[in-house]
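Geometric and topological summary
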Amino acid sequence: MPKLPVKENVGKPIAPPIQIEIAEIIEAADAAVQAKLEAAKEEAIETLAEVNEPKTAVELNDVNLKAAMHAFAATLSPSTAALVKMFIPKIVVYDIVVSMQKANINLVEPIKVDWQRYLRDYFSNREITLVINEDNTVIAQTRAYTQREQLDEIVKENPIVIDLMKRLNLKLK
């Protein structure tokens, strides 16, 4: 078992308590705060030196652009991230062109500046510009067919289907 420390002042008179002025306490606290600020400043300078070191630039191509888009999407809310991942960007020199419908443009507008900044940092290229185009192409409306309509479409393609239905005694419900 380890020995416990023995108090040497047992039985001897204890020195009277020392009165510490409030100014002394504040000075000590200020010195501690000042030391922390100096340490933070030195750390920021070291970090800045690391940031200013030249980075190996990532090549601007379709594969790396898709990776950059997914990495940026990871920093966003899930719904906005899904929207960003959905777009198919095109590279035109240093312009990254993304086409989307008006409703999506309104959703992406608040993050456009951050998105462009992220792409510039990712590719270490300040000439990159994010261009968002409005795509007004109308998607063809599809509708559900009833069983009767489906059968009519099949019969248009293959009139023999009616004979087959009669031979097998099939009926539509």
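Residues numbered from 1 in each chain as written. Predicted model: local features only at pLDDT ≥ 70, side-chain atom pairs only at ≥ 80, totals over all residues. Heavy atoms only, no water.

1. Overview of the packing of helix α2 (residues 62-73) against helix α5 (residues 112-123)
Relative to each other, α2 and α5 sit at 130°, their axes nearing to 10 Å. In terms of orientation, α2 lies oblique with respect to α5. When you trace α2 past α5, the crossing you get is right-handed. Residue-level contacts link Asn64, Leu65, Ala67, Ala68, Met69, Ala71 and Phe72 of α2 to Asp114, Trp115, Tyr118, Leu119, Tyr122 and Phe123 of α5. A class-by-class count of the residues in the contact of α2 with α5 yields eleven nonpolar, one polar and one charged. (Axes fitted to C-alpha atoms, helices over the stretch in contact; angles between N-to-C directions. Helix = DSSP H or I, 4+ residues; strand = E, 2+ residues; numbered from the N terminus. Parallel < 35°, antiparallel > 145°, perpendicular 65-115°, else oblique. Left-handed = near helix turned anticlockwise from the far one by under 90°. Contact = heavy atoms within 4.5 Å. Nonpolar A, V, L, I, M, F, W, Y, C, P; charged D, E, K, R; others polar.)

2. Quick word on the layout of surface pockets
What the largest pocket holds in volume is close to 170 Å³. Lining of the largest pocket is provided by Met86, Phe87, Ile88, Lys90, Val97, Val98, Ser99, Met100, Gln101 and Asn104. (1 Å grid on protein atoms, 1.4 Å probe; cavity = no way out; pocket = protein on both sides within 12 Å on 5 of 7 lines; lining within 4 Å. Points joined across faces, edges and corners; volume = space filled by probe spheres on them.)

3. Observations regarding a nonpolar patch on the surface
On the surface, a cluster of nonpolar side chains totalling about 280 Å² of accessible area is made up of Val92, Val93 and Tyr94. With respect to the secondary-structure elements, valine 92 resides in strand β1 (residues 90-92). (Patch = residues over 30% accessible without salt bridge, like charges linked within 9 Å, V, L, I, M, F, W, Y side chains within 5 Å. Areas by Shrake-Rupley, 256 points an atom, 1.4 Å probe, with all protein chains shown as cover. Salt bridge = Lys/Arg side-chain N within 4 Å of Asp/Glu carboxyl O.)

4. Quick notes on the side chain of asparagine 125
As for its placement among the helices and strands, asparagine 125 is situated in the loop between α5 and β3 (129-134). The class for asparagine 125 is buried, based on a relative accessible area of 16%. Of note is the side chain of asparagine 125, whose polar atom sits 2.8 Å from the backbone nitrogen of glutamate 127. (Buried < 20%, exposed > 50% of the residue type's maximum accessible area, 1.4 Å probe, protein only. Polar contact = N/O pair within 3.5 Å; in protein donor to acceptor, adjacent residues only side chain to side chain.)

5. Some remarks on the side chain of glutamine 116
Relative to the helices and strands, glutamine 116 is located in helix α5. Ignoring sequence-local partners within four residues, the contact set of glutamine 116 consists of Ile128, Thr129 and Leu130.

6. Describing empty space enclosed by the protein
Summed over all chains, the structure comprises one cavity of 30 Å³ or more. A volume near 30 Å³ is recorded for the largest cavity. As for the largest cavity, its lining consists of Lys66, Met69, His70, Val84, Lys85, Phe87 and Pro89. The set of elements that each furnish at least two residues to the lining of the largest cavity consists of α2 and α3 (78-86).

7. Here's the deal with the pattern of salt bridges
Taken as a whole, this structure holds three salt bridges when the rule is applied. A salt bridge links aspartate 114 to arginine 117; the shortest N-O distance between them is 3.0 Å. Highlighted residues: aspartate 114 and arginine 117, both in helix α5, separated by three residues, approximately one helical turn. Judged by relative accessible area, which is 39%, aspartate 114 ranks as partly exposed.

8. Remarks on the packing of α2 against α3
Helix packing geometry: the angle between the two helix axes and the distance between the axes. Running from amino to carboxyl end, α2 crosses α3 at an angle of 170°, the nearest separation of the two axes being 9 Å. As judged from the angle between their axes, α2 and α3 are roughly antiparallel. Contacts between α2 and α3 pair Met69, His70, Phe72 and Ala73 from the former with Ala81, Val84 and Lys85 from the latter. Looking at the contact of α2 with α3 residue by residue, the classes come out as five nonpolar, one polar and one charged.

9. Overview of the confidence of the model for the protein chain
Predicted confidence across the protein chain gives a mean pLDDT of 78, with 70% of residues reaching 70 or more. At the level of individual helices and strands, the protein chain shows its lowest average pLDDT in helix α1 (residues 22-52), which scores 66, and its highest in α5, which scores 90. (pLDDT = per-residue confidence, 0-100.)

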